[in-house]
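# Report on the structure
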Amino acid sequence: MKLLVYGAGVCGSLFAARMHEAGHDVSLLARGGRLAALRQHGVQLAEEDSPDVRRVPVPVIERPGSEYDLITVFVRTHQVDAALESIADVRGDVLFLLNWAAGPETLGAVIGHERVLLGFPMTGGTMNGDVIRYRKGSFLTRRVAMPIGEPDGRTTPRLERIVETFRTAGINAKAEPQMDAWLRTHAAFEVPLGQAVHAAGGPVALADDTDAVRGMLRLMRQNLAAMKTPPVPRAFAALRALPQGLLVAVLRRFLKSPTAVHSGLNDPSPAMAAELEQLTEQLRAPARAR
């Protein structure tokens, strides 16, 4: 597969390295200091706090070529408009693997609706200088598949082909027939979580503030109640159904786990704040439309 990975942050770099090692023709698009670092050292990977750093020589480019079998977009929500403009005239299907609650129509309006696929990366980690520190795999995380879907929910030959290609590269992927609802549900959960973590100064600090966790849960419930469709996956309905005390205890335990600590939740950057702001606007838009 000739593949363009647009975005050289944590998720994009991890994905590009995995696909390159699986033998695919991968180009990783980056700019500025990140581009220079990748050209000099390749994608540098380390498991959590390990001193061992592995370098993967993924080819990097500053501008996209003319045609790919697949373009995967790994950028923050507020960076999507620039990405769309950059790839509008580049031939190839486009899989958006990012936080997005504005629906597929806004994406297709720029690049063509027939090119759009939706998904979400289930990998995670933090950027330490130019080294990506990814979270250690566990039995649970290895069973969580990366969802990918057509905007209309169909199971198409291209969707099956992409899922199978990712699986043969060791990436646990699955076809998700309700990908748009999945992304909206995730945003309903992610926005209060990210904002509360940012305000507290990190996931562990938030876990120690029970009142703040209660407030976060209240906002999650409000977001889920405002959705036009039932939550996807259905397990998120538990956030509205289970007793508050039980959910607060579960959320506090999660916030102290390695999964939370070694993830983007621990990113206090302005880019994270901008993404959460954009996602908040996307969640509010359907409510305003009604």
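Data block above holds the structure.
Read on for an overview of the structure. (Residues numbered from 1 in each chain as written. Predicted model: local features only at pLDDT ≥ 70, side-chain atom pairs only at ≥ 80, totals over all residues. Heavy atoms only, no water.)

Pairing is mixed in the open sheet, where 4 strands are placed in the order E4-E3-E10-E9. A strand with exactly one partner marks an edge of an open sheet, and here the two such strands are strand E4 (54–56) and strand E9 (125–128). Neighbour-to-neighbour, the strand axes of this sheet turn through a mean angle of 30°, independent of strand direction. Pairing of strand E3 (residues 43–47) with strand E10 (residues 131–134) involves 4 bridges; the strand directions are parallel. Directly across from glutamate 47, in E10, lies its bridge partner tyrosine 134. In the packing of helix H2 (residues 32–41) onto the sheet, the strands contacted are E3, E4, E9 and E10, and the crossing angle to E3 comes to about 85°. (Pairing = 2+ DSSP bridges. Helix = DSSP H or I, 4+ residues; strand = E, 2+ residues; numbered from the N terminus. Axes fitted to C-alpha atoms, helices over the stretch in contact; angles between N-to-C directions. Contact = heavy atoms within 4.5 Å.)

Moving on to the sheet that holds strand E8 (residues 116–119). Across the sheet, 8 strands lie side by side as E5-E2-E1-E6-E7-E8-E11-E12; this open sheet has mixed pairing. Two strands close off the open sheet at either side, each with one partner strand: strand E5 (60–61) and strand E12 (173–175). Bridge count for strand E6 (residues 67–73) against strand E7 (residues 91–97) is 5 bridges, and the pairing is parallel. Bridge pairing in E7 places valine 73 opposite phenylalanine 96. Each of strand E1 (2–6), strand E2 (25–29), E6 and strand E11 (146–149) is contacted by helix H1 (residues 10–21), which is oriented at about 160° to E2, the strand it contacts most. In the packing of helix H7 (residues 179–200) onto the sheet, the strands contacted are E8 and E11, and the crossing angle to E8 comes to about 45°.

Membership of the largest hydrophobic core comes to 34 residues, with the highest contact counts inside it found for Phe15, Leu28, Ile148 and Phe166. For this core, the secondary structure elements donating two or more residues are E1, H1, E2, H2, E3, E7, E11 and helix H6 (157–168). In terms of residues, this core owes the most to one element, H1, which gives 6 residues. Leave out the neighbours within four places in its chain, and phenylalanine 166 touches Phe15, Met19, Leu70, Thr72, Leu95, Met146, Ile148, Ile171 and Ala173. Core analysis: the second largest hydrophobic core is formed by 27 residues, Leu29, Val80, Val94 and Leu118 among them. (Core = buried A, V, L, I, M, F, W, Y, C linked by side-chain atoms within 4.5 Å. Buried < 20%, exposed > 50% of the residue type's maximum accessible area, 1.4 Å probe, protein only.)

The buried fraction of E7 amounts to 6 of the 7 residues, a majority that puts the element mostly inside the structure. With respect to chirality, the unit in which E6 leads through helix H3 (residues 80–87) into the neighbouring parallel E7 is right-handed. As paired strands, E7 and E8 are joined by 4 bridges and run parallel to one another. Note on E8: the bridge partner recorded for valine 94 is valine 116. In this view, the connection linking E7 to its parallel neighbour E8 by way of helix H4 (residues 105–111) has right-handed handedness. (Right-handed = clockwise from strand over helix to strand, strands pointing away.)

Looking now at the side chain of threonine 280. With respect to the secondary-structure elements, threonine 280 resides in helix H13 (residues 270–289). Only 2.8 Å separates the side chain of threonine 280 from the backbone oxygen of leucine 276, close enough to count as a polar contact. The residues touching threonine 280, leaving out its near neighbours within four places in the chain, are Val191 and Gln195. (Polar contact = N/O pair within 3.5 Å; in protein donor to acceptor, adjacent residues only side chain to side chain.)

On to unusual backbone geometry, then. Excluding glycine, residues mostly carry a negative phi; peptide bonds, for their part, are mostly trans. A cis amide bond, omega 0°, links valine 232 with the succeeding residue proline 233. Here proline 233 shows up in the loop between helix H9 (210–226) and helix H10 (238–241). Of note, the phi angle at glutamate 48 is positive, near 50°, even though the residue is not glycine. Along the polypeptide, glutamate 48 turns up in the loop between E3 and E4. Taking relative accessible area as the criterion, glutamate 48 reaches 17% and is therefore assigned buried.

A word on the pattern of salt bridges. The tally for this structure, following the rule as stated, stands at 10 salt bridges. A salt bridge links arginine 154 to aspartate 152; its shortest N-O distance comes to 2.6 Å. A single salt-bridge network, built from bridges that share partners, covers Asp93, Glu150 and Arg158. (Salt bridge = Lys/Arg side-chain N within 4 Å of Asp/Glu carboxyl O.)

We now examine the packing of aromatic side chains. All told, the structure shown has 4 aromatic pairs when counted by the stated rule. The interplanar angle of 40° and the centroid separation of 5.2 Å between the aromatic rings of phenylalanine 15 and phenylalanine 74 together place this pair among those described as tilted. Of the two residues, phenylalanine 15 sits in helix H1 while phenylalanine 74 sits in the loop between E6 and H3, which places them 59 residues apart along the sequence. By relative accessible area, phenylalanine 15 is classed as buried at 5%. A relative accessible area of 9% means that phenylalanine 74 is categorised as buried. Aromatic side chains phenylalanine 189 and phenylalanine 236 sit 5.5 Å apart centroid to centroid with 70° between the ring planes, which places their arrangement in the edge-to-face category. Here phenylalanine 189, found in helix H7, pairs with phenylalanine 236, found in the loop between H9 and H10; they are 47 residues apart in sequence, far enough to count as distant. (Phe/Tyr/Trp six-rings, centres within 6.5 Å; stacked < 30°, edge-to-face > 60°.)

Of all 5 residues in E3, 4 are buried; the element is thus mostly enclosed. With 3 bridges connecting them, E3 and E4 associate as antiparallel partners. Residue pairing for E4: leucine 45 is matched across the bridge by arginine 54. The antiparallel pairing of E3 with E4 creates a hairpin that spans 6 residues between the two strands, and glutamate 48 there sits at a positive phi of about 50°.

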